[in-house]
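# Structural features, examined
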Amino acid sequence: MSNENNSLTSLALQKFKKNFWGVFSLAIITCIGLISVFAYVFAPDASKNANQMHLSIHSKSPGFEVQMLTIPSGIESEQNFFSKLFFGKNDTDTEIPIQSYEVKNDVLHYIEYASDGLQGQEKQIAVSRFPNSNYESYIENRGFVFGTDKYGRDYLSRILIGSRISFFIGFVAVFISLIVGLLMGSLAGYYGGKIDAFIMWIINITWSIPTLLLVIAITLALGKGFWQVFIAVGLTMWVEVARVVRGQIISAKEMQYVTAARALGYNDYRIITKHILPNIFGPLIVISAANFAAAILIESGLSFLGIGAQPPMASWGAMIKDHYNYIILGKPYLALIPGLCIMLLVMAFMLVGNALRDALDVKT
């Protein structure tokens, strides 16, 4: 039996490898996954939530460059390496975009950057403020690949860090939906009768409520925030899993291997978990891939409505909300870039789901 399972698994893998779009989409998902985990390594602005604001350079076009003066605060950060790697560094230094600078009598004179070609304000700071009076290493040419948002933050960094929420909500929501869906579907399908009728009643009520309204209701009950959205989306996606598991178990429990397991005296828990569920794993993988895509879209919708991840946390949906009016104001890329990122990730999950469905289809 195990050799047969192994051969079926290897056949499914071979079929999946032959599907170009499935493999290509899986590579995209892997890349986005790595970027979301190590976002602060790739982000030009590694401050927490890439929230370094410079209002004087707001809404600048992709490829914009400016001289940036960093004034050290002298405050030592006590953050460890892993905290900086996964949560960004607590930046205590002050960054100022400047147009020009010169040093006179150990005093650094600089002109702040001003938009629209205006003359910026001239300010000065003692060279001794910099460690070893080495002011030159604190002035650099800073480039913004995707330009800046309406608050003057580096847009590329916000996009990279925003991938975390969209990517991880898929994992958390699918994990929650699988736990609840498997439990409810297994009980309904295996025991039938009144238990089945009661669980189907709960499923039908949950199914009848529009998903977004249900998520909004759960989010408002749990409160606005990062984890609340994850839980809310997960609690609305279990219904489809439960229906599929129930249907599969109803047909599987009449099979000979289940009758043999009962004859051997195995308890119901072992029969369900060790014998039935492994044989209905294929449809669950396909549903999980589709649920990943649905969770990303729901989270984006919630963030757009303002009840998803809260500022200053970066989220693709919130970035569209902040900049959708720029489509009319002549800078549509501010809304289009996060929109394209959402579309790319959702399409990748859908194509992987289709490829898995084809690979696990025993009829072919």
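Data block above holds the structure.
These figures come from a predicted structure and were not determined experimentally.

### Describing helix α9 (residues 238-252)
- Along its 15 residues, α9 runs 21 Å from first to last C-alpha, staying within 8% of the 21 Å computed at 1.5 Å per residue.
- Lining the buried residues of α9 we find α5 (155-191), α6 (193-208), α8 (226-236), α10 (256-263), α11 (268-276) and α12 (281-305).

### Considering the sheet that holds strand β2 (residues 94-104)
- In spatial order, the strands read β4-β3-β2-β1-β5; together these five strands make up an open sheet with antiparallel pairing. In the strand order of this sheet, the two ends are held by β4 (122-126) and β5 (139-144), each with one partner. With direction set aside, neighbouring strand axes in the sheet form an average angle of 50°.
- Sheet topology note: the strand β1 (residues 64-71)/β5 ladder contains six bridges and is antiparallel. Each residue of the ladder has a partner; that of Met68, found in β5, is Glu140.

### Points about the pattern of salt bridges
- Counted by the stated rule, this structure contains seven salt bridges.
- For Glu95, the salt bridge goes to Arg142, with nearest N and O atoms at 3.1 Å. Placement of the pair is Glu95 in strand β2 and Arg142 in strand β5, with a sequence separation of 47 residues. The burial state of Glu95 is the same as that of Arg142; both residues are buried.
- Of the charged contacts, one joins Glu102 and Lys104 as a salt bridge, the two residues approaching to 3.4 Å between their closest N and O atoms.
- By relative accessible area, which is 40% here, Glu102 ends up partly exposed.
- Residues joined by salt bridges that share partners form a network here, namely Glu95, Glu140 and Arg142.

### Here's the deal with a nonpolar patch on the surface
- A cluster of nonpolar side chains, Leu212, Phe304, Leu305, Tyr324, Ile327 and Ile328, forms an exposed patch at the surface whose accessible area comes to about 620 Å².
- Position of Phe304 among the secondary structure elements: in helix α12.

### Quick notes on the packing of aromatic side chains
- A full pass over the atoms with the stated rule returns 17 aromatic pairs.
- Aromatic side chains Tyr190 and Tyr191 sit 5.2 Å apart centroid to centroid with 85° between the ring planes, which places their arrangement in the edge-to-face category.
- On the basis of relative accessibility, which here comes to 40%, the residue Tyr191 falls in the partly exposed class.
- Counting every residue linked through ring pairs, the aromatic cluster contains Phe167, Phe168, Phe171, Phe292 and Phe349.
- It is Arg243 that lies over the ring of Trp207; its NZ or CZ is 4.7 Å from the centre.
- Across from the ring centre of Tyr266, 4.1 Å away, lies the NZ or CZ of Arg270, which sits over that ring.

### Focus: the packing of α5 against helix α14 (residues 333-359)
- Viewed as axis vectors pointing N to C, α5 and α14 meet at an angle of 35°, and their least axial separation amounts to 11 Å. Considering the relative orientation of α5 and α14, their crossing is right-handed. On the side of α5, the interface is formed by Tyr155, Ile159, Ser166 and Phe167, while α14 contributes Tyr333, Leu334, Ala335, Ile337, Pro338, Cys341, Leu345 and Phe349.
- Partitioned by chemical class, the residues of the contact of α5 with α14 number 11 nonpolar, one polar and no charged.

### As for the environment of Val172
- Its location among the elements puts Val172 in helix α5.
- Dropping the residues within four chain positions of it, Val172 is found in contact with Trp227 and Phe230.

### Observations concerning the nonpolar core
- Ranked by internal contacts, the top residues of the largest apolar core, which has 24 residues, are Ile159, Trp316, Leu345 and Phe349.
- Only α2 (20-37), α5, α12, α13 (316-323) and α14 provide two or more residues apiece to this core.
- For this core, the leading source of residues is α14, giving 10 residues.
- Look past the residues within four positions of Phe349 in its chain and what remains in contact with it is Ile29, Phe167, Ala289, Phe292, Ala293 and Ile296.
- One finds Ile165, Ile218, Ala295 and Leu302 within the second-largest nonpolar core, a separate group that totals 16 residues.

Conventions we followed
Residues numbered from 1 in each chain as written. Predicted model: local features only at pLDDT ≥ 70, side-chain atom pairs only at ≥ 80, totals over all residues. Heavy atoms only, no water. Helix = DSSP H or I, 4+ residues; strand = E, 2+ residues; numbered from the N terminus. Expected span 1.5 Å × (residues − 1). Contact = heavy atoms within 4.5 Å. Pairing = 2+ DSSP bridges. Axes fitted to C-alpha atoms, helices over the stretch in contact; angles between N-to-C directions. Salt bridge = Lys/Arg side-chain N within 4 Å of Asp/Glu carboxyl O. Buried < 20%, exposed > 50% of the residue type's maximum accessible area, 1.4 Å probe, protein only. Patch = residues over 30% accessible without salt bridge, like charges linked within 9 Å, V, L, I, M, F, W, Y side chains within 5 Å. Areas by Shrake-Rupley, 256 points an atom, 1.4 Å probe, with all protein chains shown as cover. Phe/Tyr/Trp six-rings, centres within 6.5 Å; stacked < 30°, edge-to-face > 60°. Lys NZ or Arg CZ within 6 Å of the ring centre and 35° of its normal. Left-handed = near helix turned anticlockwise from the far one by under 90°. Nonpolar A, V, L, I, M, F, W, Y, C, P; charged D, E, K, R; others polar. Core = buried A, V, L, I, M, F, W, Y, C linked by side-chain atoms within 4.5 Å.

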